[in-house]
Every structure is written in C-alpha cells, then in structure tokens.
Amino acid sequence: MFPKRMMVICQMILLPFLFNISATAQDLRSMKVTEFYPRSIDELQRLLRAPQEDSVKAKILIALGQRLEDRPGSVKGDIDSAAMCFSEAEKIISRWRLLHLRSEVMMSWGLLYYHTGAPEKARQYFRDGITFSAGIEEYREQQGTLLLEMAKNDPEDSVRQSALNDALIVYRTLNNRLKEAEVLKEVADFHFSRGKNELAEKELLLVLKMYRELNYEKIYYTYDLLSAVYLWRGDFARAQENAIAAIRNAENAGNKAILGLFYWRLAEAYQGAKDDVKYQSYLKKSLFFQLDNPYSVLTYHILSELTDQLIGDNKVNEALGYLLLTNKKQPPLEKHQKVDLAFSIADCYFALKDYTRAEQYYLKYADLIGDGDDVNRDLMKISQFYLARHQHKKAEIYLQRILKNSRQYWDLKTSRNVSFLRFRIDSAAGNLLSAVNHLQQYNKLTDSAFTIEKLKQAEEMQARFDLDTKERDNQLLRKQGNLQREIINKETLIRKVIMGGCIILLLLLFLLYNRYRNKIKTNAILQKQQEEIRHAYSSLEKMVGEKSKLLREKEFLIKEIHHRVKNNLQLTMSLLNTQSNYLQNEAAIRAINDSQYRLKSISMIHQKLYQGEEEGQINIKVYIYEMLEYLKDSFSSGERIRFHLDVDDVMLDAGIAVPLGLIMNEAITNIFKYAFPGTQHGLVEIILHVADEIITFAVKDNGVGLPPGFDIAKAGSLGFDLIQVLSAQLEGTLKIEGNKGVQIYLSFQVNTVYE
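(A) How the structure looks around the side chain of Asp701. Positionally, Asp701 belongs in strand β5 (residues 694–701). No salt bridge is formed by the buried Asp701, whose closest oppositely charged neighbour, Lys700, lies at an N-O distance of 11 Å. Engagement of the side chain of Asp701 in a polar contact is seen with the backbone nitrogen of Gly703, the distance being 2.9 Å. Here Asp701 is in contact with Ile671, Ala675, Phe676, Leu683, Val684, Lys740, Gly741, Val742 and Gln743, once residues within four sequence places are set aside.

(B) Local environment of the side chain of Ser133. Looking at where Ser133 falls in the secondary structure, it is placed in helix α7 (residues 119–134). Assessed through its relative accessible area of 0%, Ser133 is described here as buried. A polar atom in the side chain of Ser133 sits 2.9 Å from the backbone oxygen of Gly129. Ignoring anything within four residues of it in the chain, the contact list for Ser133 reads Ser103, Tyr139, Arg140, Gln142, Gln143 and Leu146.

(C) Local environment of the nonpolar core. The biggest cluster of nonpolar side chains holds 104 residues, and the ones touching the most others in it are Phe36, Val183 and Phe262. The biggest single contributor to this core is helix α14 (residues 259–272), with nine residues. With residues near it in sequence (within four places) discarded, Val183 still touches Leu148, Leu164, Ala167, Leu168 and Tyr171. Of all hydrophobic cores here, the second largest spans 41 residues; its members include Ile641, Ile695, Val699 and Ile723.

(D) Broad picture of the pairing of β5. For strand β4 (residues 682–691) and β5, the ladder comprises eight bridges, and the chain directions are antiparallel. What sits directly across from Ile687, in β5, is Ala698. Joining the antiparallel neighbours β4 and β5 is a turn of two residues, in which Asp692 adopts a positive phi near 55°. Bridge count for β5 against strand β7 (residues 743–749) is seven bridges, and the pairing is antiparallel. Residue pairing across strands places Ile694 opposite Gln749, the latter belonging to β7.

(E) Structural view of the packing of helix α17 (residues 316–329) against helix α18 (residues 335–351). For the pair α17 and α18, interaxial distance at closest approach is 10 Å and the crossing angle is 155°. Our classification of the angle between α17 and α18 gives roughly antiparallel. Seen from above, α17 lies across α18 with left-handed handedness. Counted together, Val316, Ala319, Leu320, Leu323 and Asn327 of α17 and Leu341, Ser344, Ile345, Cys348 and Ala351 of α18 form the full contact between these two elements.

(F) How the structure looks around helix α3 (residues 41–49). Restricting attention to buried positions, one finds in α3 the residues Ile41, Leu44 and Leu47. Taken around the axis of α3, the buried residues stretch over an arc of 125°, which confines them to a single face. The exposed residues of α3 that point more than 90 degrees off its buried face are Asp42 and Arg49.

(G) Local environment of the packing of helix α9 (residues 157–173) against helix α10 (residues 177–193). Interaxial distance between α9 and α10 falls to 9 Å at its minimum, and their mutual angle equals 160°. Looking at the two axes, α9 sits roughly antiparallel to α10. α10 is crossed by α9, and the crossing has left-handed handedness. Of the residues in α10, those touching α9 at Asp157, Arg160, Gln161, Leu164, Ala167, Leu168, Tyr171 and Arg172 are Lys179, Glu180, Val183, Leu184, Glu186, Val187, Phe190 and Ser193. Partitioned by chemical class, the residues of the contact of α9 with α10 number eight nonpolar, two polar and six charged.

(H) Representation of the packing of aromatic side chains within the structure. Under the defined criterion, the tally for this structure stands at 25 aromatic pairs. The interplanar angle of 10° and the centroid separation of 5.6 Å between the aromatic rings of Tyr270 and Tyr282 together place this pair among those described as stacked. With Tyr270 in helix α14 and Tyr282 in helix α15 (residues 276–292), the pair connects residues that are twelve residues apart, well separated along the chain. A relative accessible area of 22% means that Tyr282 is categorised as partly exposed. For the pair Tyr349 and Tyr361, a centre-to-centre distance of 5.8 Å together with 25° between the ring planes defines the contact as stacked. Of this pair, Tyr349 sits in helix α18 while Tyr361 sits in helix α19 (residues 355–364), and the two are twelve residues apart along the sequence. Looking at Tyr361, the relative accessible area reads 22%, which means it is partly exposed.

(I) Expanded view of the confidence of the model for the protein. In the predicted model, the protein carries a mean pLDDT of 82, and the fraction of residues at 70 or more is 80%. Per-residue pLDDT stays below 50 along residues 1–23; that stretch engages in two contacts with residues further than four places along the chain or on separate chains.

(J) Seen up close, the pattern of salt bridges. Inspection of the entire model under this criterion finds 23 salt bridges. Note that Glu201 is salt-bridged to Arg233, the shortest N-O span being 2.2 Å. With a gap of 32 residues between them, Glu201 in helix α11 (residues 197–213) and Arg233 in helix α12 (residues 220–233) connect regions that are remote in the sequence. Given the relative accessible area of 37%, Arg233 is considered partly exposed. Between Lys381 and Asp347 there is a salt bridge whose closest N-O contact spans 2.6 Å. Of the two residues, Lys381 is situated in helix α20 (residues 373–388) and Asp347 in helix α18; the sequence distance between them amounts to 34 residues. Judged on exposure class, the residue Lys381 and its partner Asp347 are both buried. Linked through salt bridges whose partners overlap, the residues forming this network are Glu149, Lys152, Lys179 and Glu182.

Procedures and definitions
In every chain, residue numbers begin from 1 and rise along the written sequence. With the structure being a predicted model, the display of local features is reserved for residues of pLDDT at least 70 and the display and counting of side-chain atom pairs for 80 or more, all residues being used for whole-chain, interface and lining totals. The basis for every side-chain value is the complete set of non-hydrogen atoms in the structure, without hydrogens or water. A helix here means a DSSP run of H or I that spans at least four residues, while a strand means a run of E at least two residues long, and both kinds are numbered starting from the N terminus. Each residue gets one of three labels from its accessible area relative to the maximum for its type: buried under 20%, exposed over 50%, partly exposed in between, using a 1.4 Å probe on protein chains only. Positive charges come from Lys and Arg, negative ones from Asp and Glu, while His and the chain ends are left out of the count. Salt-bridge detection follows one rule: a side-chain nitrogen of Lys or Arg within 4 Å of a carboxyl oxygen of Asp or Glu. Contacts described as polar in this section are N or O atom pairs within 3.5 Å, which, within protein, must combine one atom able to donate a hydrogen with one able to accept it, while residues neighboring in sequence count only if both atoms come from side chains. Residue contacts are counted whenever heavy atoms from the two residues lie within 4.5 Å of one another. The term nonpolar core refers to a set of buried residues drawn from Ala, Val, Leu, Ile, Met, Phe, Trp, Tyr and Cys, joined through side-chain atoms within 4.5 Å. If DSSP finds at least two bridges between two strands, the strands pair. Between N-to-C directions, angles cover 0 to 180 degrees, with each direction set by a line fitted to C-alpha atoms, over the stretch in contact for helices. Here is the rule for angles: anything less than 35 degrees is roughly parallel, anything more than 145 is roughly antiparallel, 65 through 115 is roughly perpendicular, and the remaining ranges are oblique. For any helix crossing, the convention is left-handed if the near helix is rotated counterclockwise from the far helix by under a right angle, and right-handed if that rotation is clockwise. Working note: the arc is built from the helix axis to C-beta atom directions. Nonpolar residues are Ala, Val, Leu, Ile, Met, Phe, Trp, Tyr, Cys and Pro. Charged residues are Asp, Glu, Lys and Arg, and all others, Gly as well, are polar. Within 6.5 Å between ring centres, the rings of Phe, Tyr and Trp (the latter by its six-membered ring) count as paired, and their orientation is classed by plane angle as stacked under 30 degrees, edge-to-face over 60, tilted in between. A score from 0 to 100, pLDDT tells how confident the predictor is in each residue.

Listed below in structure tokens is the structure:
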C-alpha cells in the first residue's frame with residue numbers, strides 16, 4: 001500500500017516538471033532567431049550547453065554570434081568568436097539540410113563583413129542568400145529581408161538603390177503591405193541622406209498613411225525620421241510636432257529604450273527655434289534616458305551638446321557634473337565617444353581659463369577625427385581656442401582641415417563661422433584684401449540668416465495655428481463620434497423596450513424624458529461650439545494682423561541693411577582717405593583713390609535702395625547722372641570735357657545696377673586720367689538703351705585712344721580686368737575699340753525691366 005502511495009506522490013511531483021521541460025522545448029522550437037537575439041550572451045551560452053535539437057542549436061548559435069558582434073566596444077576576440085558561431089551554425093544547417101535557416105546565416109556573415117570593413121565579401125554572402133531564397137517560393141519573404149538589410153548596410157549608393165528597388169518588387173509581389181511600407185521608409189531615409197528633403201518628406205507621409213491603413217502602431221521611427229527632415233529644412237514647428245508624436249507612440253508601445261533619441265530630436269527642434277530653455281531641458285531628459293540603457297552610440301553626442309549649452313550659460317560646474325556622471329555610468333568604448341568626451345572636458349577647462357589642460361584635451365584625439373558635421377564643430381573649437389590665445393598659425397592649421405572636408409556637411413551656421421574665422425586669421429596675418437572679402441562674406445551670410453530667421457518665424461506661427469486648428473477639429477470629431485454612439489445605444493434600448501411588453505409605456509416615458517435632456521445638452525454643446533468658432537475667428541484675425549506687422553518689419557529691416565551697408569562703405573572710404581594721407585608712394589595713392597571711386601559707386605546704389613520706394617530697384621538714369629557729377633567734381637575737369645548722355649529712364653534690379661555702375665566708374669575714371677591729357681578738350685558719350693529685355697550700354701570718347709599695339713588681355717590693367725570680370729558676371733558681350741578715342745560697348749540680357 002505504501003509503495004503505491006509513494007508512486008502516486010512522485011507522479012504528482014514529477015509530471016508537472018516533465019510537462020514544463022516539454023513545453024520549454026516546444027517553445028524553443030517555435031522561436032525565430034530574432035526572438036533569441038534579445039537574450040543576454042550568458043543566457044544564450046547556457047542554452048547552448050544544454051541538450052538541444054539541431055535546428056534550435058543553429059538558431060542559438062546565429063543569435064549568439066550576432067550578440068558578440070554587436071557587443072559595445074567589441075574587439076577582435078568578439079569578432080572571431082562570432083565567426084566561429086556562424087561557422088558552427090552553417091555546418092549544422094548543411095548537415096541536416098535546415099534550408100529555412102540558410103538565409104539567416106548568410107545574412108549574419110554579410111553583416112559581419114560589412115561591420116568589419118569588407119563590403120565585397122559581405123555582398124557575396126548577401127547575393128548568395130538572395131539567389132537561394134528567390135528560387136523557392138516559401139522563402140521569398142526571406143529574400144525581401146536580405147535585400148532590405150543589404151540596402152541598410154552597404155556603403156555604395158548604387159547597390160543600396162538597387163537592393164531597395166528589388167525589395168519593393170518582392171514585397172509587392174507577395175502583397176505584404178507592411179514590409180512594403182518599411183522599404184519605402186528606407187527609401188525616404190536614403191533620399192534624405194542625399195539632400196533630397198522634399199522627396200523624403202512626401203515618401204514618409206505616404207509611409208505614415210500606409211501604416212495607419214494597416215493599423216500598425218509602432219511607427220515612432222517614421223515620426224522621428226520625418227522630424228529630422230523638417231529639422232534640416234528649418235521647419236521647426238513641424239519638427240517639434242513629429243518628435244512629440246514619436247515620443248508618445250514609443251511610450252504607448254512600451255519601448256522606453258529609444259526615448260533618448262526622440263527627446264534629443266525634440267531638443268534639436270527647440271534649438272532651431274531659438275528656445276534655449278526647452279533645448280537644454282530636453283537635452284537633460286534625453287541624456288538621462290540614454291544613461292538608463294546599457295549602451296547607446298548617441299550618449300556622448302548628447303553630452304557634448306549639453307556641455308556646450310551649460311558652458312554658454314556659465315554653468316561650468318554643472319557641466320562637469322554631467323561629464324563625471326556619464327563617464328561613471330557609461331565609460332566611453334568607441335573612438336567617437338572618447339573624442340566627444342575629450343572635447344567636452346577641454347571646453348570646461350577653456351571656460352575655467354586652464355589653457356594648458358584645455359589644449360591637452362583638444363589635441364588628444366585631434367589627429368584621429370575624420371569627416372562630418374561633428375568633425376567641423378570639433379576642428380572649429382580648436383581653431384577658436386588658438387585664436388583666443390593669439391596663436392594664429394596654429395589656428396590656421398585646423399581651419400585648413402575644415403576647408404578640406406566635404407562641403408555637404410556645411411550648413412549656413414558653419415559657413416558663417418568659417419568665414420569669420422578666415423577673416424580673423426587673415427587679419428592677423430596681414431592679408432587685408434582676403435580678410436575684407438571674408439568679412440563681406442560673413443556679413444552677407446549673417447544678413448541671410450537674419451532674413452531666413454524672420455521668414456521662419458512667420459512660417460512657424462502659421463504652422464502652430466494649423467496645428468491648433470487640427471487639434472480642435474479632432475476634438476470636435478471625437479465629440480460627434482461620442483454623440484453618434486449615444487444615439488445608437490438609445491435606439492438599441494428602444495428596440496429592447498418594445499419587446500418588453502408590459503413595461504413599454506414606462507420605458508417610453510423614460511426615453512422621452514432622456515431625449516429631452518439630451519436635446520438640452522445638444523443645444524448647450526452647439527452654443528459652446530459657436531462660441532469656440534467665434535473665438536477661433538478672432539484669433540485668426542489677430543494672427544493675420546501679426547503677420548502683416550512682420551512683413552512691415554521685414555521691409556524696414558531690408559532698408560536698414562542697405563543703410564548700414566552704405567554707412568560701412570562710407571566708413572571704408574574715410575579709412576582709405578586717411579590712409580592715403582600717410583602714403584608717399586604715388587602709385588599707392590592712386591590705387592586708394594581708385595578704390596574710393598569704386599566704393600562710392602556701390603555706396604550710391606545702397607543709398608538709393610534704402611531711400612527708394614521700390615524694394616531692390618534702382619532708377620539707372622538718375623544714378624548715372626549723379627555718379628557722373630561725383631566723378632566730375634572729384635577730377636575737377638571743369639568745362640574742358642563735355643558729356644552727352646542718352647539713357648533710358650528705367651528701373652533695374654540692384655544685382656544689375658552694381659556691376660553696371662562699377663563698369664561705368666572704371667570707364668569714366670580712365671577717360672579723366674588718360675583720354676584728354678593736358679588742357680585738351682573732348683566729348684564723352686554715355687548711352688544706355690533697353691529693347692526686348694536686351695540692355696545696350698556704351699561709353700565713347702574722342703580722346704587720344706589706346707597706344708599702338710596695346711593688348712587689353714596682356715596689359716595687366718586692373719580697370720580693364722574689372723570691366724571684363726563684371727561683364728562676364730552680367731553674362732554680357734563686351735567690345736572695346738581704340739579707333740579715334742576709346743569705345744566700350746556692352747550688351748546683356750535681363751529677365752525684368754521696370755518702366
């Protein structure tokens with residue numbers, strides 16, 4: 001009796017245990033490689049040591065190899081171990097003909113070679129896997145996966161485009177709309193990386209539409225990519241909107257590991273909108289999410305931006321605190337992380353005026369950094385550091401490294417900063433002409449940035465208004481949906497009441513009373529909606545008024561810019577005049593006087609631009625008369641030289657008037673200086689006619705003409721060189737004759753002439 005009872009007890013204890021073992025084995029058999037991958041390396045190694053079926057063992061080996069390869073700060077030993085796992089998995093697959101895993105191991109080999117810098121070997125493995133999958137109908141899905149991963153990792157644009165196109169064909173053939181949307185997102189990412197922002201935006205909006213139609217919820221990466229596109233285009237309001245949508249979608253999906261990236265994107269959008277408080281706040285939030293993850297490649301980039309912001313606010317100690325915290329929780333493993341940390345520490349020492357340590361950390365990895373927008377930022381920091389220390393030759397070295405980098409990483413801010421650096425370095429080196437050119441370029445880029453910023457503010461206000469309107473529409477639709485559901489429920493209730501028999505009368509009375517109350521509520525809702533509509537209309541009128549005010553401000557600012565340019569030119573002329581008083585060399589004095597005449601011709605253009613009613617247009621006839629009077633007064637020719645003007649009364653754009661004025665200045669100056677020597681009298685004709693959008697301009701004199709054998713191309717005359725360069729700028733046809741005086745003829749086409 002006792003042994004029988006013991007057997008029953010043992011069965012009760014062991015059967016659940018055996019059942020769990022059987023269930024676990026069943027679960028492992030049904031798992032895919034992607035489901036093994038999230039497990040830790042130690043857990044995968046424990047599973048591998050336990051007895052497993054061959055197919056399960058092959059999957060574990062593939063997942064373990066991928067984890068070893070992707071391990072943060074992986075070294076050669078990790079790569080070799082990953083290769084051993086893939087080789088072992090490949091042997092099992094070949095021995096037991098586990099064909100459904102063949103494309104998985106091919107893809108793993110390909111990714112390994114891509115990540116170790118051997119793209120040709122990687123392509124061969126991917127192509128072998130693609131060819132194998134294409135030949136078996138049930139593996140066509142795997143063919144699409146291989147093409148998509150190849151497109152994500154290959155460095156050659158042609159290979160990526162071809163793989164994406166083939167992946168689209170595969171998934172459309174399989175009618176897999178979800179995967180088709182994923183491929184289209186990668187196509188948009190490819191176009192965005194190549195600067196085709198408008199095309200990328202259209203493609204991403206199509207992807208969002210497809211995901212919504214399929215009721216697919218994990219669309220946070222699409223929102224994030226769309227936010228990046230708007231950020232690059234300068235549409236900061238929409239960049240913020242999509243970054244917030246990415247955050248909410250990730251939170252709803254329970255994926256908190258990726259929130260650091262999305263909060264960083266939101267911080268960048270607020271930085272672009274000049275909201276430094278929110279920019280700093282979201283950078284901190286992004287950094288804390290990054291530090292909660294085991295490893296993230298973005299952590300030290302975010303830390304670098306936060307450090308710059310805190311140092312700019314004179315919060316150096318707080319910046320050092322974040323550096324110590326990050327270094328403690330996530331020590332840098334990759335080269336670019338070490339570079340970011342070193343530059344952040346250098347910035348702190350620079351702010352604390354510890355220049356020796358600052359220089360030590362700036363130069364620690366300076367020779368290792370390669371190419372990209374982050375590299376431009378780092379090299380610029382070194383150059384600015386040496387400029388602050390008055391070590392201009394060292395600053396020049398790192399500026400030249402920036403100039404050698406690809407210009408595709410230069411935005412407006414980088415171009416402006418580089419121009420200012422070149423101005424300061426050229427000034428220190430005594431290269432004044434180059435310094436003035438770079439200063440003019442810097443002022444031009446600054447003015448452009450200011451104008452763009454004003455336009456962006458107007459666009460952002462409009463975008464915010466559209467966003468508010470969309471939200472109100474959504475609230476109204478939700479209210480209408482709730483109201484419709486209430487009506488449906490009540491109609492159902494009525495049908496049930498009718499079937500109730502004896503209690504029909506009581507239920508009908510209750511229903512009538514309930515409907516009466518609903519009508520009162522509906523009227524109240526309608527009145528509230530009317531009030532909201534009136535409020536929205538009032539807000540719209542206010543925004544239209546603000547928009548008009550911004551346009552008036554823009555016109556005022558443009559005139560103010562022209563006024564300041566004119567004043568700067570006058571200041572430059574005064575400086576040149578002062579300088580000439582200290583010169584003894586006649587050639588140098590003449591060169592300075594010639595420069596003054598040229599600057600005066602440009603100054604008069606800007607004077608007319610800010611005084612005139614027509615924006616950006618010059619009355620060329622009035623300008624020529626005034627310029628001629630100025631030159632006559634400057635050379636004191638009296639009545640010895642007579643002028644005959646035949647000029648059409650037309651308005652020209654400033655872009656045409658400036659080079660045309662300089663050409664006339666050079667021609668008339670040469671006439672005063674060389675055409676009529678001594679007391680010789682003469683006649684000068686100035687002609688400007690406009691016909692069929694063709695401007696014909698001529699300056700003719702009856703003076704001594706050009707010397708015999710005079711070759712303009714070989715003469716080395718700055719005046720004639722300027723005339724030729726400016727004529728080329730106008731894309732005009734220039735003709736200079738020296739028969740009985742000098743005749744200069746210029747004809748060129750213009751798009752618009754204003755009568």
